[in-house]
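Take a look at the letters that make up each chain.
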Amino acid sequence: MIRALPLVAASALLALSACAQQEPLKAQPGGGAPQVNRHANGSYTVRYDNGCIVTYNESGRRSGSQACRPGQVERADDAVQDDSEARGGGGLTVNRHSNGSATVSFNDGCTVTYNQEGRRSGSRNCHPKQVSRADRAIQKRG
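Residues numbered from 1 in each chain as written. Predicted model: local features only at pLDDT ≥ 70, side-chain atom pairs only at ≥ 80, totals over all residues. Heavy atoms only, no water.

1. Re the nonpolar core
Grouped burial of nonpolar side chains is what soluble globular proteins tend to show. Core analysis: the biggest nonpolar cluster contains twelve residues, these being Val94, Ala102, Val104, Phe106, Cys110, Val112, Tyr114, Cys126, Val131, Ala134, Ala137 and Ile138. When residues of this core are traced back to their parent elements, those giving at least two are strand 6 (102–106), strand 7 (111–114) and helix 3 (128–140). Among the elements that take part in this core, helix 3 stands out by supplying four residues, more than any other. The contacts of Tyr114, once residues within four sequence positions are left out, are Ser101, Ala102, Val104, Arg119, Arg120, Ser121, Val131, Ala134, Asp135 and Ile138. In this structure, Tyr44, Val46, Cys52 and Val80 belong to the second largest nonpolar core, which totals nine residues. (Core = buried A, V, L, I, M, F, W, Y, C linked by side-chain atoms within 4.5 Å. Buried < 20%, exposed > 50% of the residue type's maximum accessible area, 1.4 Å probe, protein only. Helix = DSSP H or I, 4+ residues; strand = E, 2+ residues; numbered from the N terminus. Contact = heavy atoms within 4.5 Å.)

Here is the structure:
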């Protein structure tokens, strides 16, 4: 009986330590509207009431997310893009090249390239919304 006591104590300790492990964050129902917070260095944090958090670096590129439900990250992307545009960021410049190709550049470092036929040939450091905006700018300016 005396030998069994340490075994019982060790089992209880193991059970308690398993309970103490932190569970991964899980999104709760609801969520509400994204709450956008722009930091002094230009980075962003977007929070939802249900615990979802999406972070962005100074260039506006998503750097992480946790505890988000489907669609919340995309809505956060849109909210950060809208905030950036409202603050004067997100502007674009269309550069036509002598060979007929073109490049669309955004203030945050996103670059979208087009071949001589006006078809997109690539993009770098861009959000999907920026690629769509660049496509529209190329179509408008023929």
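Next comes the rest of the description.
2. Looking at the sheet that holds strand 8 (residues 120–124)
As summarised here, the arrangement of the four strands in space is 5-6-7-8, forming an open sheet in which the pairing is antiparallel. Both edges of this open sheet fall to strand 5 (92–96) and strand 8, since each of them pairs with a single strand only. Averaged over all adjacent pairs, the angle separating strand axes in this sheet is 15°, with direction ignored. Direction of pairing for strand 7 relative to strand 8: antiparallel, over a ladder of four bridges. Residue pairing for strand 8: Thr113 is matched across the bridge by Gly122. (Pairing = 2+ DSSP bridges. Axes fitted to C-alpha atoms, helices over the stretch in contact; angles between N-to-C directions.)

3. Some words on the side chain of Asn50
On the secondary structure map, Asn50 appears in the loop between strand 2 (44–47) and strand 3 (53–56). On the accessibility criterion, Asn50 (5% relative accessible area) is buried. Polar side-chain contacts of Asn50 include one of 3.3 Å to the backbone nitrogen of Cys52. (Polar contact = N/O pair within 3.5 Å; in protein donor to acceptor, adjacent residues only side chain to side chain.)

4. A closer look at the sheet that holds strand 1 (residues 35–38)
Here we have four strands laid out as an open sheet, ordered 1-2-3-4, and antiparallel in their pairing. Every other strand in the sheet has two partners, leaving strand 1 and strand 4 (62–66) as the edge strands with one partner each. Adjacent strand axes in the sheet meet at a mean angle of 15°, parallel and antiparallel pairs treated alike. Direction of pairing for strand 1 relative to strand 2: antiparallel, over a ladder of four bridges. By the bridge assignment for strand 2, Arg38 is matched with Tyr44.

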